[in-house]
Amino acid sequence: MSSTPSSSAASSRRRIPNVPFWAQILLGLVLGALLGWAAKSGDISWLSTTLGKIGDIFVQLLMLVIAPLVFFAILVSITNLRNVSNAARLATRTLMWFMITSLIAVVIGLGIGLLTDPGAGTGLTAADGAEPKKHGSWIDFLTGIVPTDIVTPFTELKVLQIVFMAVVVGVAILKTGEKAKPVLTLSHSVLELLQKALWWVIKLAPLGTLGLVGTAISTYGWNLLSKYATFTADIYVGCAIVLFGVYPLLLAGVAKVNPLQFFKGAWPAIQLAFVSRSSVGTMPLTQKVTERLGVPKEYASFAVPFGSTTKMDGCASIYPAIAAIFVAQVFDVPLEVKDYILIAFVSVIGSAATAGLTGATVMLTLTLSTLGLPMAGVGLLLAIDPIVDMMRTATNVAGQSVVPILVASREGILDRAAYASADGSHLEDGESRVDVQPQPVAA
């Protein structure tokens, strides 16, 4: 008997291979590199332009939802803490582990910088760099937290101010109680819509990877790496040590879980962070993989958004440590022990200045201004920034997932069976969204 059309269609669907997300990203990366090399070596302007447009559109789509996403994600995460037992202790321990891992990362960055002398012998001078238009200082950092109005932070994407407003509104909702329930319900609904829209953008990540990587290679080629070879290698090695050394040791020693299983579950978020260069843009996927790795949704919905705007081991610890040494050596400014202590202090305390956006210029200027180093040094590193930012952001995002696992394990709320079975290959956009009525988590 012949098969029915429906059974034939079902059979056809079964024969279509389900390509894992990581494989799609990898394919986009390889194709982007090849096309970028072809555009650069063959001087094919239309191909360079096309790759640039593809990458720009992908980044624009990510940026389009970042401001409202950060606001509602932080707001909802604050209110979700009321459903978690020992919420204050969870929040405190999360912040503590953020600081501990940041300190470890900055020490590694300083060690690598001192061993390799990244600024020596580059031939770069002050004339090769220009002072940035925007500086970072402690006064700017502290006063910049509080917005002057409620519109500018969203139109100019001042993430730190958006976080401040979200925390204030979230706490106000908790204090108001039942009367604020309609506002909270609306916030959950808006967050659902934003996450759904961002998931559509995330599904385009392989195409965005092709455009972004292709543009980087067609624009800069490989020649740029010659003067910055040591600096670039230092950033990648430092981030790799933290990503593949420190984090696995913490997972094995503190959380008592298999580190390889972490990478199996979290790899999609790490890959997306690498190509998108945005911790905030990766946030929904980071939260999803963190939940899949056994962290309760109620706690993950607080820790991941909080980490996406403040937890920056790559951008705020490793990078400014090595970059400060690089700038000091280029400008022949000797650094003393107190300067290295200041670098560590700035990295641990001031990491929120990076605010989850692409690049770490504000954090670098904050570090240089604290040390009294020339701001023109920032201009020296802008050309290489897109290349090193990929690895920095991947490290950031991995840490934003590792810390909740550490805390959840120590608090006895980690689902170890879920962790052991986590698989990040199949992505569905409905799995990581926040419940409107979250259930309490037992301590």
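All figures in this text were calculated on a predicted structure; none of them were measured in a lab.

Here's the deal with the overall build of the protein
On a plain count of helices and strands, the protein comes out with 19 helices and 0 strands. Residues classed as buried in the protein amount to 54% of the 443 residues present. Residue pairs at least 24 apart in sequence account for 86% of intrachain contacts in the protein once pairs closer than 6 positions are excluded. Split by element, the accessible area of the protein, about 18,800 Å² in all, is 66% carbon and sulfur.

What about empty space enclosed by the protein?
Summary: where empty space remains is shown by rolling a probe the size of a single water molecule over the atoms. A complete count under the given rule lists 1 cavity of 30 Å³ or more for this structure. Size it by volume and the largest cavity reaches roughly 50 Å³. Looking at the largest cavity, it is lined by 13 residues, and the ones nearest its centre are A73, L191, Q195, Q287 and P305. For the lining of the largest cavity, the elements supplying multiple residues, two or more each, are α3 (45–80), α8 (181–203), α12 (279–292) and α13 (297–310). Top element by residues in the lining of the largest cavity is α3. It accounts for 5 residues. Of the residues in the lining of the largest cavity, the class split is 8 nonpolar, 5 polar and no charged.

Re the UniProt feature "transmembrane region" (unreviewed entry) in the protein
Here, UniProt's "transmembrane region" (unreviewed entry) annotation points to residues 21–39, 59–82, 94–115, 159–177, 198–223, 235–255, 340–357 and 363–384. Annotation note: span residues 235–255, helix share 100%, strand share 0%, distance between end C-alpha atoms 27 Å.

Quick look at unusual backbone geometry
A positive phi angle is found at K256, which is not glycine, with a value near 60 degrees. Relative to the assigned elements, K256 resides in the loop between α10 (229–255) and α11 (259–276). Here K256 falls in the exposed class, since its relative accessible area comes to 57%. We note that D332 has phi near 55 degrees; this positive angle belongs to a residue other than glycine.

Considering the side chain of T393
Position of T393 relative to the elements: it lies in helix α18 (residues 385–411). By relative accessible area, which is 2% here, T393 ends up buried. Leaving out residues up to four positions away in the same chain, T393 has contacts with A273, R277, S278, S279 and C315.

A word on the environment of A205
For A205, the location among the structural elements is in helix α9 (residues 205–220). Assessed through its relative accessible area of 0%, A205 is described here as buried. Residues in contact with A205, not counting those within four places in the same chain, are F21, I25, F58 and L272.

Observations regarding the packing of helix α4 (residues 87–116) against α18
Running from amino to carboxyl end, α4 crosses α18 at an angle of 130 degrees, the nearest separation of the two axes being 9 Å. In terms of orientation, α4 lies oblique with respect to α18. Taken as a pair, α4 and α18 cross one another with a handedness that is right-handed. Counting all contacts with α4, which are made through R89, L90, R93, T94, W97, F98 and T101, the residues of α18 involved are V403, L406, V407 and E411.

Details of the nonpolar core
Counting residues in each nonpolar core, the largest one holds 114 residues, and the members touching the most others are F231, F262, Y299, L381 and I405. The element contributing the most residues to this core is α3, with 14 residues. Membership of the second largest hydrophobic core comes to 6 residues, among which are A316, V346, M363 and L366.

Reading guide: rules and limits
- Residues numbered from 1 in each chain as written.
- Predicted model: local features only at pLDDT ≥ 70, side-chain atom pairs only at ≥ 80, totals over all residues.
- Heavy atoms only, no water.
- Helix = DSSP H or I, 4+ residues; strand = E, 2+ residues; numbered from the N terminus.
- Buried < 20%, exposed > 50% of the residue type's maximum accessible area, 1.4 Å probe, protein only.
- Contact = heavy atoms within 4.5 Å.
- Areas by Shrake-Rupley, 256 points an atom, 1.4 Å probe, with all protein chains shown as cover.
- 1 Å grid on protein atoms, 1.4 Å probe; cavity = no way out; pocket = protein on both sides within 12 Å on 5 of 7 lines; lining within 4 Å.
- Points joined across faces, edges and corners; volume = space filled by probe spheres on them.
- Nonpolar A, V, L, I, M, F, W, Y, C, P; charged D, E, K, R; others polar.
- UniProt positions renumbered as here; feature names shortened; annotations may be inferred.
- Axes fitted to C-alpha atoms, helices over the stretch in contact; angles between N-to-C directions.
- Parallel < 35°, antiparallel > 145°, perpendicular 65-115°, else oblique.
- Left-handed = near helix turned anticlockwise from the far one by under 90°.
- Core = buried A, V, L, I, M, F, W, Y, C linked by side-chain atoms within 4.5 Å.

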